[in-house]
Amino acid sequence: MNVRQFAAVSLSAAILFGGSFTSASAKGGADEKGYKETYGTSQITRQDMKDMINQHGDDKFTVPSFDASTIKNVESATKTDENGNKIKMDVWDTWPLQNADGTVADYKGYQIVFGLAGDPKNPNDTFIYMFYKKAGDDSIDAWKNAGRVFDDEDKNKANDKYLKGQVEEWSGSALFTDDGEIRLFYTNRGDFDESKELFGRQTLTTAQVNVSEKGDKDLQVDGIEDHKSIFNGGDGKTYENVEKAFEDRNFNNNHTFRDPHYIEDKGRKYLVFEANTGTEYGYSGEDNLYNRAYYGKSMKFFRDELKNLQNSPKKETAELANGAMGIIEINDDYTFKKEKKPLLVSNTVTDEVERPNIFKKDGKFYLFTSTRGSKMTIDGIDDEDIYMLGYVSNSLDGPFKPMNKTGIVLHQDLDPNDITWTYAHYVIPQEESDKFVVTSYMTNRGYFADHKSTFAPSFLLDIKNKKSSVVKDGTLEQGQITYDGQ
């Protein structure tokens, strides 16, 4: 047992049995009450997640059920493989082309979404495609496929060392600029090969996507430009970088650095993204279990929950869990400017707070994230629980307070083998409306011969300050991204 392990075990005994102990490695010191250090960030606490269980089944937060017999694949989502065979692709995470305020952009009378798509039989076939349709036609059959955004050689043309190692393209966001250009933000995922010291580096990346109209009914991708890396974790002090994540070759550590979402505030540009806390913001490790800030306000809850964790098979996962929704400021040319402290952290709760989605509405900033029960460390939450959590603040810098008391906005408890299983819920503000459209994808990749991952039926969400509710009878078409009040 090393010194760090001994300190943690001794502190545990002191807390549980009423003794006193001070841990040198616990920032701020610790006694029989543990220690409390927020690092100036907002928290997803264990108390909130425990209380959230009591909100399961409430219609206000339950993802609407869908009639499986009505669900269609995205018929335009096809590609031709190297042997000339036509493949019907899965389509999962998608995001619309948005104006700076988060509303859906009108591109010459078209609506555009970017999405991850690929061969259902090849989980490594994960690339970004562009889908589009005429505004006003909301049927799933209206969506056309303009093909992959990037050519295979685009990653080598940029003279960017991180792009050269790209093997997959992961989620992001898309901005329709004031100049009428399409600016894509996405995640470059590098190769994983331990023998070459490669550990799947994730890098926030951007490019301008050139699009033109072909005839009067079709759009086409005319290539990309200004393709470049932005940021992948820096020195690891604020956000965990890949070198720190795997320095001890512990591959149970779930490293995340992805899903960049663009937002503007007071004339400045930012990216909010999924990450993990760095060494100066509550890094992972056994000492994390004794930080009361991650539990909630009650000392009794802290003692009881810590005791449960000590004897739980989830203890190691809780030690490693240090999810964060990070933020960086970027320059007007979309290059990195500076790091900012995490907006929200989920230490001891989960490593994954995916697809951050943030916008400003009526003077408040709304921050959402998708997350899975299968990645959590909370008793009473299991592999079939899917969430979208929401937080609100008067400032982009926070503090962010949980909506609906605990952070719950959406919940689904469904067997992943059900074709109506959904994930990656994404809230889209509407012009001159208090209604919000929620999109997602449904059906897990490769689970069925005939059913592909596809656009789920969208639905409406009411949001008023810290409260939200799913709109009764508010189900829309598969993949619908705007709502005109009808």
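Residues numbered from 1 in each chain as written. Predicted model: local features only at pLDDT ≥ 70, side-chain atom pairs only at ≥ 80, totals over all residues. Heavy atoms only, no water.

J.: Please set out the pattern of salt bridges residue by residue, giving values where relevant.
T.: Following the criterion strictly, the structure yields 32 salt bridges and no others. Ionic pairing is found between R258 and E352, a salt bridge with its closest N-O pair at 3.4 Å. With R258 in strand β14 (residues 258-265) and E352 in the loop between β17 (336-347) and β18 (354-361), this pair connects stretches of sequence that are 94 residues apart. A relative accessible area of 8% means that R258 is categorised as buried. (Salt bridge = Lys/Arg side-chain N within 4 Å of Asp/Glu carboxyl O. Helix = DSSP H or I, 4+ residues; strand = E, 2+ residues; numbered from the N terminus. Buried < 20%, exposed > 50% of the residue type's maximum accessible area, 1.4 Å probe, protein only.)

J.: Outline the sheet that holds strand β7 (residues 144-148), supporting the account with residue identities and numerical values.
T.: Read from one edge to the other, the open sheet built from 8 strands follows the order β7-β6-β5-β4-β8-β9-β12-β13, with strand pairing classed as mixed. Each edge of the open sheet carries a strand with a single partner, namely β7 and β13 (218-231). Across the sheet, the mean angle separating the axes of adjacent strands is 30 degrees when strand polarity is ignored. Bridge count for strand β6 (residues 127-134) against β7 is 4 bridges, and the pairing is antiparallel. Pairing of Y132 across the sheet is with K144, part of β7. (Pairing = 2+ DSSP bridges. Axes fitted to C-alpha atoms, helices over the stretch in contact; angles between N-to-C directions.)

J.: Explain the packing of aromatic side chains residue by residue, including any values.
T.: Going through the model one piece at a time under the given rule, you end up with 20 aromatic pairs. Judged by centre distance (5.9 Å) and plane angle (75 degrees), the ring pair of Y107 and F176 falls under edge-to-face. Here Y107, found in the loop between β4 (90-98) and β5 (110-118), pairs with F176, found in strand β8 (residues 166-176); they are 69 residues apart in sequence, far enough to count as distant. Judged by its relative accessible area of 6%, Y107 falls in the buried class. Here F176 falls in the buried class, since its relative accessible area comes to 19%. Here F359 and Y366 contribute two aromatic rings whose centre-to-centre distance is 6.1 Å and whose plane-to-plane angle is 35 degrees, an arrangement assigned as tilted. (Phe/Tyr/Trp six-rings, centres within 6.5 Å; stacked < 30°, edge-to-face > 60°.)

J.: Could you give me a rundown of the nonpolar core, with the residues and numbers involved?
T.: Counting residues in each nonpolar core, the largest one holds 47 residues, and the members touching the most others are I112, F114, M130, F131, V149, I182 and L184. Only β4, β5, β6, β8, β9 (182-190), β12 (202-214), β13 and β23 (422-429) provide two or more residues apiece to this core. Those residues in contact with F131 that lie beyond four places of it in its chain are V74, S76, A77, V91, Q111, I112, V113, W143, K144, N145 and F455. One finds L204, I263, V272 and I327 within the second-largest nonpolar core, a separate group that totals 39 residues. (Core = buried A, V, L, I, M, F, W, Y, C linked by side-chain atoms within 4.5 Å. Contact = heavy atoms within 4.5 Å.)

J.: Go over the layout of surface pockets, please, and point to the residues and values.
T.: As a volume, the largest pocket reaches approximately 910 Å³. Surrounding the largest pocket, 30 residues form its lining, W170, R258, E352, E354 and R372 being those nearest its centre. Breaking the lining of the largest pocket down by element, the ones donating at least two residues are β4, β8, β14 and β18. For the lining of the largest pocket, the leading source of residues is β8, giving 3 residues. Of the residues in the lining of the largest pocket, the class split is 11 nonpolar, 8 polar and 11 charged. (1 Å grid on protein atoms, 1.4 Å probe; cavity = no way out; pocket = protein on both sides within 12 Å on 5 of 7 lines; lining within 4 Å. Points joined across faces, edges and corners; volume = space filled by probe spheres on them. Nonpolar A, V, L, I, M, F, W, Y, C, P; charged D, E, K, R; others polar.)

J.: Hey, could you go over the sheet that holds strand β15 (residues 268-276) for me, with residue numbers and the actual values?
T.: Ordered by their spatial adjacency, 5 strands build an open sheet running β1-β17-β16-β15-β14, and the pairing between neighbours is mixed. Either end of the sheet is taken by a strand with one partner, and the two such strands are β1 (42-43) and β14. The sheet contact formed by β14 and β15 spans 6 bridges and is antiparallel. By the bridge assignment for β15, I263 is matched with Y270.

J.: Explain helix α6 (residues 299-310) to me, using residue names and the numbers behind them.
T.: The first and last C-alpha atoms of α6 sit 17 Å apart over 12 residues, in line with the 16 Å expected at 1.5 Å per residue. Buried within α6 are the following residues: F301, F302, E305, L306 and L309. End-on view of α6: buried residues confined to an arc of 120 degrees, all on one side of the axis. Opposite the packed face of α6, turned more than 90 degrees from it, sit the exposed residues K300 and K307. (Expected span 1.5 Å × (residues − 1). Arc of directions from axis to C-beta.)

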